[in-house]
Protein chains: 2
Amino acid sequence: MAVATKTLEELCINSIRFLAIDAVEKAKSGHPGLPMGAAPMAYVLWDKFMRFNPKNPQWFNRDRFVLSAGHGCMLQYALLYLTGYDSVTLDDIKQFRQWGSKTPGHPENFETPGVEVTTGPLGQGIANSVGLAMAEAHLAARFNKPDCTLVDHYTYVILGDGCNMEGVSGEACSLAGHLGLGKLIAFYDDNHISIDGSTDLAFTEDVAKRFEAYGWHVQHVENGNSDLDGITKAIEAAKAVTDKPSFIKVTTTIGYGSPNKANTAGVHGAALGDDEVKATRENLGWTYGAFEVPEDVLSHMRQAVERGTSYQAEWEETLATYRTKYPQEAAQFERMLAGNLPQGWADSLPTLTPADKAMATRKHSQASLNALAPALPELIGGSADLTHSNLTELKNSGDFQKGRYENRNLRFGVREHGMGSICNGIALHNSGLIPYCATFLVFADYMRAAIRLSALSQAGVIYVMTHDSVGLGEDGPTHQPVETLASLRAIPNLTVIRPADGNETSGAYKVAVANRKAPTLMAFSRQTVPNLEGSSVDAVAKGAYVLSDCDGTPDIILIGTGSEVGLCVDAAAQLQANGIQVRVVSMPSWELFEAQDAGYKESVLPTAVTKRLAVEAAASFGWCRYVGSDGDVISVERFGASAPGGTVMEKFGYTVDNVVSRAQALLG
Amino acid sequence: MAVATKTLEELCINSIRFLAIDAVEKAKSGHPGLPMGAAPMAYVLWDKFMRFNPKNPQWFNRDRFVLSAGHGCMLQYALLYLTGYDSVTLDDIKQFRQWGSKTPGHPENFETPGVEVTTGPLGQGIANSVGLAMAEAHLAARFNKPDCTLVDHYTYVILGDGCNMEGVSGEACSLAGHLGLGKLIAFYDDNHISIDGSTDLAFTEDVAKRFEAYGWHVQHVENGNSDLDGITKAIEAAKAVTDKPSFIKVTTTIGYGSPNKANTAGVHGAALGDDEVKATRENLGWTYGAFEVPEDVLSHMRQAVERGTSYQAEWEETLATYRTKYPQEAAQFERMLAGNLPQGWADSLPTLTPADKAMATRKHSQASLNALAPALPELIGGSADLTHSNLTELKNSGDFQKGRYENRNLRFGVREHGMGSICNGIALHNSGLIPYCATFLVFADYMRAAIRLSALSQAGVIYVMTHDSVGLGEDGPTHQPVETLASLRAIPNLTVIRPADGNETSGAYKVAVANRKAPTLMAFSRQTVPNLEGSSVDAVAKGAYVLSDCDGTPDIILIGTGSEVGLCVDAAAQLQANGIQVRVVSMPSWELFEAQDAGYKESVLPTAVTKRLAVEAAASFGWCRYVGSDGDVISVERFGASAPGGTVMEKFGYTVDNVVSRAQALLG
């Protein structure tokens, strides 16, 4: 390489470093170490390999970049700015970590175009990346034609020691290896430092060997600080391996360039401080002032705009050709990209009556999924090794496997957390794919961090959670949810729905599929429940509705959810027979109810009627909102027990007699 | 081996198999596959290697056995019965999975003596086992003398494909390898089947290689169905390796012996059915009836009683010698085993006044931990790579590392879930060790499954969770808890405490340390808070108390927790100045408050005073319980934001002015 070019490359790399250093310094908060150490690999990747259009962060066929080590986000913000994204200006960088800025403390996809997924909690980004790569492989298999390559992009991710220690990353990477995701390329920022200090303290495994064990293609760039050539060759080699994901271990120095703080834990997560900022400038020969970027650097890196515009134009020609040759596929593809659902997609959802066979709601879920599958080709998902318990198999498709990426049944293995994170990636690929994932409701605990991120990052993931109460029986307290519903209802932006029967299940799916910018979690029973008179598909969207009513003002309102609504109905009949005026409300979803106007809410739960008995085979935590201090809840306030489901439900008070009895006690 | 002995071994192994088959059949529920396949390895382990006293499941120096693949619990129940534990009789086995039985659907330590930890949720048991082995190593290093080996036992665990897929197991096993836990021996029941079917569907990594990468000693027994000799040699070899944990991959056939269902997913988790039970009996030449165990088998396996009694007697002699030679150490050892805390242990906890320096409660936590450390030699713990943020280092000790197991600072690495499960193991080693673990409160989500198991299995783990609200500032919404407190309060048997200042922090630790049979989780602020007038160490145990009062009946009660109590105090002063009678209640813990008698609760929150304003920088979910329908909550109902902490708190309404304003609005 000519000396002049080398100098330009160094200038670019140091520009990235110093934007990070200066931004963190100004904010007196943030993580300079990773940007300083990973700048070389990131520069090579963004400048020489990645295909993206800075002026169109949503261009479909862009390569995806994920910074799994999200604390190092100044690295990404610097690159977004330097390459010409409108979403990050120099002013935005100066507002790093300030109220209302576009450059928050960890990357947020909903805040900053160019950021694909929200990271920060370690291990999530790499797992999201597996999902992004799965989405690409799937769409490529479905839409590409021998003479027309519409879908063709890579997923690049930078992760560090922290991500590598987290279990969720191991889950996702094991699956990625199994699936042979050849267009996933991960850079391991191997700097031997984590917050506590040297990785010698707790992390001495052979990471490269572990990734070989997962079936990845593994390389090592020994000098990630300055061997740009080595980095380049490694990326080329990684791209050349098409049947395995690639892992490039890049050994770097955290805080590279800082004479006194490089290679220490201190440079990981704190501003360098005035003196050290000066010293680093001297050390690296950086004569530019705070936030000052050399012209040459800017014009060089802004070539990304020209390149990207050209890539996109090329692709749009391909799309035009595709439209002509394959009009049907093109129409579907573009419909999906636009985020539109097919006309009448919900029409296939079953509507049932009490005459229809009583079934566990997990079976109704199965029916709904399979009714939707042909109508919604974008529906893709699976279970964490509980396919035949969760009943989530799409019968009209095969398993998504290496070489069969067009299939829609995802086999996640016993990897709940990885599954959730992967689905976030599939959703945030933003190509109209609708991911669903499933496990036992109680194991939402394993994947809670991913569920939270679905809610935060506006990912329309559908969570199908079965075996939703102590009613599941013999598997016992480790498997029986008690407090799970409450814990999930507490998450902002997550819609939790617990359908009572077939109609409500259909209604739940109707909501979930339409809910593309936020996650929906549905809870289904293991045990059989009847189809209820008056149950409604469409009322589910209102969160709660009057299932059966009395004349005039009710003496008492029974509020049930899911498998307990039937008990309320039967209890109401008995109470009515004793002259008590009873209204039965089915309340499949708190969040949907809260979203209704005051008039509707009042019409369902009139303030004047203070005698309210909620019946739900779960903890009462939070129910005071709907039953008030004059009300009561038949609830589970302890862990469950191992016995046949019917026995457990009976012992725990979920009988018609007990509902009647508690209602009468309430009425005094 | 003589033919007669071989036959006896076969009889023993098949006895285990058929107890499992028959119990599952009778219950029409359960998992026969693993017991049938893993019976040979389990038999060799229990009969030839494990040192335990069936008549004293709590004998300190017993080897620990964990069935991480907890669904296969009939394997363990069969062994407990056959070897002579009183906790599992033949009747108990016949009551498998029935209400009130000692043989629940997954092993429960609090239900069945002989069961060390509660398993079922996959990956937990192996992670617990790492904790059990850490406890042994620690106690051995602390108490053993050159001439007196008091602590010397192994931890054996059987895990399957499911456990191996789970991220939590990878976290714990990576740490175990780093720590060189030589007395941890894991058997991988390698049967290539999980619930969905063949492991070819989703799990094709090279597991053995991954464990080599972790630094374990790895072996493979190719025929785990009948090569008892091979199993024996592998265990011997594993025991001979003293500086690495050992991983023995034992290839077996799930459901071994069942002619039509062996090696299928169907035999994993369902009763064989009458016909297949018969066919299996024929296939294995088992002429005994349901639940019938040959005399020879029983008397052979019951030799465990004689052996165990003798092991224990031997050990008690050692203990007697130890008492004589090392009376101080012996006294501490026996005090710990008895579960007694040292006299006056809590005296060292700081008591502060408003004159003392205002500090973040995480700093008070640090002070409390370090005050306790010399007083409580059993206190041992650490952080998931956030030691200097959580402030959890014990200054009077070094790091627990290979060759330095006597130290008390545990370096977990970025492995929150593994950390929680490991601490459950340390607690359930039942030797008086008091484990604590730490991370940012929001990352409780990563380890929720382990926290739940602490609560279920009665493990007195102390969770130290810092950075407990949006007040943490710049790290932003991925790091800022909103709904976390609510989600944790919902867990039965978990005590959640959010101290307001230094006194309350001391009070929280007082509760947590004394709480040995259930977990305690404490939430601490990142930001500085004042020491409050009237705050109380001892009142924390009551969950809520009157911090400051007015004359006569209050017009309004301000209820604060943690960092918001100070706001309530200041607001009260302003309101009082305007002639409003205000009581300020500090409510560090809901669970502790609920445990008080009605009289006390009424005295703090009199029913007649309905104007109540709660102030907590968290979601309002559940607060209706204490503020009622006439009350209000200053809460956070959305995800947080990245900005300096003071800015965020202000923007979100956590100012004295806003508290005053909302209080006035409530009063109308």
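These numbers were taken from a predicted model, which means no experiment stands behind them. Within each chain, residues carry numbers counting from 1 in the order of the written sequence. Lettering of chains starts at A and numbering of ligands starts at 1, both following the order in which they are written. Whole-chain, interface and lining totals are the exception, using all residues; otherwise, since this is a predicted model, local features are given only for residues with pLDDT of at least 70 and side-chain atom pairs are given and counted only at 80 or more. Calculation of side-chain values draws on the structure's entire complement of heavy atoms; hydrogens and water are dropped beforehand.

Comments concerning the sheet that holds strand β16 (residues 545-548) of chain B
Residue and element names in this part refer to chain B.
1) Next: Pairing between two strands is assigned when DSSP locates at least 2 bridges connecting them. Runs of H or I in DSSP of at least four residues are treated as helices and runs of E of at least two as strands, each being numbered from the N terminus. Read from one edge to the other, the open sheet built from five strands follows the order β16-β18-β17-β19-β20, with strand pairing classed as mixed. Every interior strand has two partners, whereas the edge strands, β16 and β20 (632-634), have only one. Ignoring strand direction, the axes of neighbouring strands in this sheet form an average angle of 30°.
2) Next: As judged from the five bridges shared by strand β17 (residues 556-560) and strand β18 (residues 582-586), these two strands associate in the parallel manner. Of the residues in β18, the one forming a bridge with I556 is V582. Interaxial angles span 0 to 180 degrees and are taken between N-to-C directions of axes, which are lines fitted to C-alpha atoms, for helices over the stretch in contact.

What to know about the state of the cysteines
1) Next: Any pair of cysteine sulfurs within 2.5 Å is marked as a disulfide. Summed over the entire model, instances satisfying the criterion amount to one disulfide over all chains.
2) Next: Linked covalently through their sulfurs, A:C624 and B:C624 form a disulfide whose S-S length is 2.1 Å. Around the S-S axis, the bridge from A:C624 to B:C624 shows a dihedral of about 65° and counts as right-handed. Of this pair, A:C624 sits in helix α23 (residues 624-627) while B:C624 sits in helix α23 (residues 624-627), each in a different chain.
3) Next: Looking at A:C163, it has no disulfide partner, and the nearest cysteine sulfur is the one in A:C173, 9.5 Å off.
4) Next: Burial status follows relative accessibility: with a 1.4 Å probe on protein chains alone, a residue under 20% of its type maximum counts as buried, one over 50% as exposed, and anything between as partly exposed. For A:C163, a relative accessible area of 0% puts it in the buried group.
5) Next: Assessed through its relative accessible area of 1%, A:C173 is described here as buried.

So, the packing of aromatic side chains
1) Next: Working definition: rings of Phe, Tyr and Trp (its six-membered ring) pair if their centres are within 6.5 Å, and the pair is stacked with planes under 30 degrees apart, edge-to-face with planes over 60 apart, and tilted otherwise. Overall, the coordinates contain 61 aromatic pairs over all chains when judged by the stated rule.
2) Next: Between A:W46 and A:F65 the ring centres are 5.2 Å apart and the planes differ by 75°, which places this aromatic pair in the edge-to-face class. Placement of A:W46 in helix α2 (residues 33-49) and of A:F65 in strand β1 (residues 64-67) is noted, with a sequence separation of 19 residues between them. Summarising the burial analysis for this pair, A:W46 and A:F65 share the class buried.
3) Next: On the numbers, 5.0 Å between centres and 75° between planes, the contact of B:W590 with B:W623 is edge-to-face. On the criterion of sequence distance, the pair formed by B:W590 in helix α21 (residues 590-594) and B:W623 in the loop between β19 (612-615) and α23 is long-range, its members being 33 residues apart.
4) Next: By relative accessible area, B:W623 is classed as buried at 0%.

Side note on the sheet that holds strand β11 (residues 434-440) of chain A
Backbone hydrogen bonds are what pair the strands of a sheet, in a parallel or an antiparallel way.
Residue and element names in this part refer to chain A.
1) Next: In spatial order, the strands read β10-β9-β11-β12-β14-β13; together these six strands make up an open sheet with parallel pairing. Each edge of the sheet is formed by a strand with only one pairing partner; in this case those strands are β10 (409-411) and β13 (495-497). On average, each strand axis in the sheet is inclined to that of its neighbour by 20°, with strand direction left out of account.
2) Next: As paired strands, strand β9 (residues 379-383) and β10 are joined by three bridges and run parallel to one another.

Describing the relation of the copies chain B and chain A
1) Next: Only residues with pLDDT of at least 70 in both copies count here: their C-alpha atoms drive the least-squares fit that superposes the copies. When chain B is fitted onto chain A, the two copies agree to an RMSD of 0.0 Å after a turn of 180° and an axial shift of 0.0 Å. What the rotation and shift describe, once combined, is the action of a two-fold rotation axis.
2) Next: Both copies contact each other with a shared surface, as 100% of the interface residues of chain B are interface residues in chain A too. The contact rule is simple, with two residues in contact once any of their heavy atoms fall within 4.5 Å.

Quick notes on the pattern of salt bridges
1) Next: Within this document, salt bridges are pairs made up of a side-chain nitrogen of Lys or Arg and a carboxyl oxygen of Asp or Glu, the two lying within 4 Å of each other. Scanning all chains against the criterion turns up 58 salt bridges over all chains.
2) Next: Note that B:R411 is salt-bridged to A:D196, the shortest N-O span being 2.8 Å. Taken as a pair, B:R411 in strand β10 (residues 409-411) and A:D196 in the loop between β4 (193-194) and β5 (197-198) lie in two separate chains rather than in one. Each of the two residues, B:R411 as well as A:D196, counts as buried.
3) Next: Between B:D147 and B:K325 there is a salt bridge; the shortest N-O distance is 2.7 Å. Of the two residues, B:D147 sits in the loop between α5 (124-143) and β2 (155-159) while B:K325 sits in helix α12 (residues 303-325), which places them 178 residues apart along the sequence.
4) Next: B:D147 sits in the partly exposed class, given a relative accessible area of 42%.
5) Next: The network of salt bridges with common partners includes A:E9, A:D47 and A:K48.

A look at the pairing of strand β12 (residues 462-466) of chain A
Note on strand geometry: in a regular strand, side chains alternate between the two faces of the sheet.
Residue and element names in this part refer to chain A.
1) Next: Most of β12 sits out of view: five of its five residues are buried.
2) Next: Here β12 shows two buried faces, one formed by I462, V464 and T466 and the other by Y463 and M465.
3) Next: Looking at chain direction, β11 and β12 are connected through five bridges and run parallel. Bridging across to β12, T439 finds its partner in M465.
4) Next: With four bridges joining them, β12 and strand β14 (residues 520-523) adopt parallel strand pairing. The partner of V464 across the bridge, within β14, is M522.

Focus on the UniProt feature "domain: Transketolase-like pyrimidine-binding" (unreviewed entry) in chain A
1) Next: UniProt positions are given in the numbering used here, feature names are shortened, and annotations may be inferred rather than shown by experiment. Following the UniProt record, one finds the feature "domain: Transketolase-like pyrimidine-binding" (unreviewed entry) at residues 359-531 of chain A.
2) Next: Measuring from the first to the last C-alpha atom of residues 359-531 of chain A gives 8 Å, for a span that is 35% helix and 18% strand.

Comments concerning the UniProt feature "site: Important for catalytic activity" (unreviewed entry) in chain A
1) Next: Feature annotation in UniProt places "site: Important for catalytic activity" (unreviewed entry) on A:H31 and A:H268, given in this structure's numbering. Taken along the chain, the residues just named run across 238 residues; in space they keep tight, none of their C-alpha pairs more than 5.4 Å apart.
2) Next: With respect to the element layout, A:H31 can be found in the loop between α1 (3-27) and α2.
3) Next: Taking the relative accessible area as the measure of exposure, A:H31 reaches 10% and is therefore buried.
4) Next: The contacts of A:H31, once residues within four sequence positions are left out, are A:V24, A:H71, A:G72, A:R97, A:H106, A:H268, A:G269 and B:D475.
5) Next: A polar contact is formed between the side chain of A:H31 and the backbone oxygen of A:H71, at a distance of 3.5 Å.
6) Next: With respect to the helices, strands and loops of the structure, A:H268 is situated in the loop between β7 (246-251) and α10 (274-283). Here a polar contact means two N or O atoms within 3.5 Å. Within protein one must be a hydrogen donor candidate and the other an acceptor candidate, and residues neighboring in sequence count only if both atoms are side-chain atoms.

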